[in-house]
Amino acid sequence: MTDHWTTIHELVAWLDQQNGRTNQEITLRLLKLTEEAGEVAQAWIGHTGQNPRKGITHTRDDVADELCDVIVTAAVALTSLTDDPAGHLDAKIRQIAGRPRTP
């Protein structure tokens, strides 16, 4: 099994080499999340056949793939912002886990 964070760090290093890591570049990495989320919506619409002109064009696996793209893109953006993205994510998940589940 691949260490996901190693792959994410490699992607960020490659992006940094190609584009630098200015605030403008980080902004574009954050905006990329919106693009990827739109692709999730497009795949779900295609899966449900919501657009009668197009019909069913995507599978649940297509939707899952697009969700994975969102996760990777978010991890790249997070790694571009902090030196310890895994630790930051772990702390946030612990915080979420500690939230009450009732109103």
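The next subject is the pattern of salt bridges. For side chains bearing opposite charge, pairing can occur when the charged atoms are close. Applying the stated criterion to the full structure yields five salt bridges. Residues joined in a network through salt bridges with shared partners are Asp16, Arg21, Glu25 and Arg29.

A few words now on the nonpolar core. Of all hydrophobic cores here, the largest spans five residues; its members are Ile8, Val12, Leu15, Ala75 and Val76. Put simply, the parts of the chain that give this core at least two residues each are α1 (4–19) and α3 (60–81). Examining the composition of this core, we find that three residues originate from one element, α1, more than from any other. Those residues in contact with leucine 15, other than ones at most four positions away along the chain, are Gly20, Arg29 and Val76.

Quick look at the side chain of threonine 79 now. Considering the arrangement of structural elements, one finds threonine 79 in helix α3. On the accessibility criterion, threonine 79 (4% relative accessible area) is buried. In this structure threonine 79 touches Trp5, Ile8, His9, Val12, Arg21 and Pro85, once residues within four positions along its chain are discounted.

Our next topic: the environment of threonine 22. Structurally, threonine 22 is set in the loop between α1 and α2 (23–48). Considering only alpha carbons, one finds threonine 22 and serine 80, 58 residues apart in sequence, at a separation of 9.8 Å.

For an α-helix, the turn length of 3.6 residues means that residues three or four places apart are oriented alike. Counted at 1.5 Å a residue, the expected span for α3 with its 22 residues is 32 Å, and the 32 Å between its end C-alpha atoms agrees. Residues Val63, Glu66, Thr73, Ala75, Val76, Ala77, Thr79 and Ser80 constitute the buried set of α3. Check the buried side of α3 and you find it contacts α1, α2 and α4 (85–97). N-cap assignment for α3: the residue whose side-chain oxygen lies 3.3 Å from the backbone N of aspartate 61 is threonine 59.

Right, let's talk about α1 for a bit. Across its 16 residues, α1 extends 22 Å between first and last C-alpha, which sits within 8% of the 22 Å expected from 1.5 Å per residue. All of the buried residues along α1 are Ile8, Val12 and Leu15. Seen end-on, α1 carries its buried residues on one side only, within an arc spanning 65 degrees. Counted as exposed and oriented over 90 degrees from the buried face of α1: Glu10 and Gln17. Along its buried surface, α1 packs onto α2 and α3. Two residues or fewer past α1, glycine 20 is found with a positive phi of approximately 80 degrees.

On to the packing of α1 against α3, then. Between α1 and α3, whose axes approach to 9 Å, the crossing angle comes to 65 degrees. Judged by the angle between their axes, α1 and α3 are roughly perpendicular. Crossing hand, α1 versus α3: right-handed. In this structure, α1 uses Trp5, Ile8, His9, Leu11, Val12 and Leu15 to contact α3, whose residues at the interface are Val72, Ala75, Val76, Leu78, Thr79 and Ser80. Split into classes, the residues belonging to the contact of α1 with α3 amount to nine nonpolar, three polar and no charged.

Definitions and cut-offs
- Residues numbered from 1 in each chain as written.
- Predicted model: local features only at pLDDT ≥ 70, side-chain atom pairs only at ≥ 80, totals over all residues.
- Heavy atoms only, no water.
- Salt bridge = Lys/Arg side-chain N within 4 Å of Asp/Glu carboxyl O.
- Core = buried A, V, L, I, M, F, W, Y, C linked by side-chain atoms within 4.5 Å.
- Buried < 20%, exposed > 50% of the residue type's maximum accessible area, 1.4 Å probe, protein only.
- Helix = DSSP H or I, 4+ residues; strand = E, 2+ residues; numbered from the N terminus.
- Contact = heavy atoms within 4.5 Å.
- Expected span 1.5 Å × (residues − 1).
- Polar contact = N/O pair within 3.5 Å; in protein donor to acceptor, adjacent residues only side chain to side chain.
- Arc of directions from axis to C-beta.
- Axes fitted to C-alpha atoms, helices over the stretch in contact; angles between N-to-C directions.
- Parallel < 35°, antiparallel > 145°, perpendicular 65-115°, else oblique.
- Left-handed = near helix turned anticlockwise from the far one by under 90°.
- Nonpolar A, V, L, I, M, F, W, Y, C, P; charged D, E, K, R; others polar.

Without other data, these values stay purely geometric and don't point to any function.
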